[in-house]
Amino acid sequence: MTKKVVLIIVIVALFAGVVTGAYFGYKKLSGKTDIPGGQSPAIQNKGDYKDFTVTDKDGKEVKLSDFIGKPIVINFWATWCPPCRSELAHFDKLAKEYEGKVHFLMVNLSGEDKRSVKNFVQSNGYTFPLYFDDTNSGSKAYSVSSIPVTVFITAKGDIGAQRIGAMSEATLRSYITQLLNKGE
């Protein structure tokens, strides 16, 4: 009888440890969604961009290097990812607002059916530029191991920042403003 009680206690403790670890691991990996104390996130040049090839919604291959000359915002996401979904409206709104000033690359990388992804985007009324990372070259270039991940690249091609986790509209706007203020 005591062996059963000890076994049950060990199983409950292990389960509690796994749940607690998953909770804090998710919090750590997902980043913060708001700017603490109203501070702006720092855009720092972290070296040259890493080129990769994706396909657009029509199946045409495009390279990241095709967009150098204006600031670039790359977002790696998937339809099944709740944090990704929570920020898509912000990206869509700001892609419209900064059209012609900033390139947005909304890169779906989950290997989802393209038609399903296109339907998801259309049914939600999103008009942001949609790309597919069919060969995982983008996710490999930027070491994407969890999503969402957003990469901010200056007009000259310097990596300004890479952020893991969902962002509020204010946080995303702050990063974009800093890219534009680089004056490159």
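S.K.: Quick rundown of the packing of helix H2 (residues 82-97) against helix H5 (residues 169-181)? Include the residues and the values.
M.R.: Describing two packed helices takes the angle between their axes plus the distance from one axis to the other. Close contact between H2 and H5 brings their axes to 10 Å; oriented N to C, the two are set at 35 degrees. Handedness of the crossing formed by H2 with H5: right-handed. Within the contact between the two elements, H2 uses His-90, Phe-91, Lys-93, Leu-94 and Glu-97 and H5 uses Glu-169, Leu-172, Arg-173 and Ile-176. Looking at the contact of H2 with H5 residue by residue, the classes come out as four nonpolar, one polar and four charged.

S.K.: Any details on the nonpolar core? Residues and values, ideally.
M.R.: Core analysis: the largest hydrophobic core is formed by 47 residues, its most contacted members being Val-73, Ile-74, Phe-76, Trp-77, Phe-104 and Tyr-142. Among all residues touching Tyr-142, those that are not within four sequence positions of it are Tyr-49, Lys-50, Phe-52, Leu-64, Phe-76, Val-151, Ile-153, Ile-159 and Gln-162.

S.K.: Go over the state of the cysteines, please, and point to the residues and values.
M.R.: By the definition in use, this model includes one disulfide. Note that Cys-81 is cross-linked by a disulfide to Cys-84, the S-S spacing being 2.4 Å. Every disulfide takes its handedness from the sign of the S-S torsion; for Cys-81 and Cys-84 that torsion is 75 degrees, giving right-handed. Accessibility classification places Cys-81 together with Cys-84 in one group, the buried group.

S.K.: Can you break down the pattern of salt bridges residue by residue, with the values?
M.R.: This model, assessed by the stated rule, comprises five salt bridges. Across the pair Asp-92 and Lys-96 runs a salt bridge whose closest N-O atoms are separated by 3.2 Å. Residue Asp-92 and its partner Lys-96 are both found in helix H2; the two are separated by four residues, about one turn of the helix. Among the residues examined, Lys-96 registers a relative accessible area of 44% and is labelled partly exposed. The network of salt bridges with common partners includes Lys-93, Glu-97, Glu-169 and Arg-173.

Calculation criteria
- Residues numbered from 1 in each chain as written.
- Predicted model: local features only at pLDDT ≥ 70, side-chain atom pairs only at ≥ 80, totals over all residues.
- Heavy atoms only, no water.
- Axes fitted to C-alpha atoms, helices over the stretch in contact; angles between N-to-C directions.
- Helix = DSSP H or I, 4+ residues; strand = E, 2+ residues; numbered from the N terminus.
- Left-handed = near helix turned anticlockwise from the far one by under 90°.
- Contact = heavy atoms within 4.5 Å.
- Nonpolar A, V, L, I, M, F, W, Y, C, P; charged D, E, K, R; others polar.
- Core = buried A, V, L, I, M, F, W, Y, C linked by side-chain atoms within 4.5 Å.
- Buried < 20%, exposed > 50% of the residue type's maximum accessible area, 1.4 Å probe, protein only.
- Disulfide = S-S within 2.5 Å.
- Salt bridge = Lys/Arg side-chain N within 4 Å of Asp/Glu carboxyl O.

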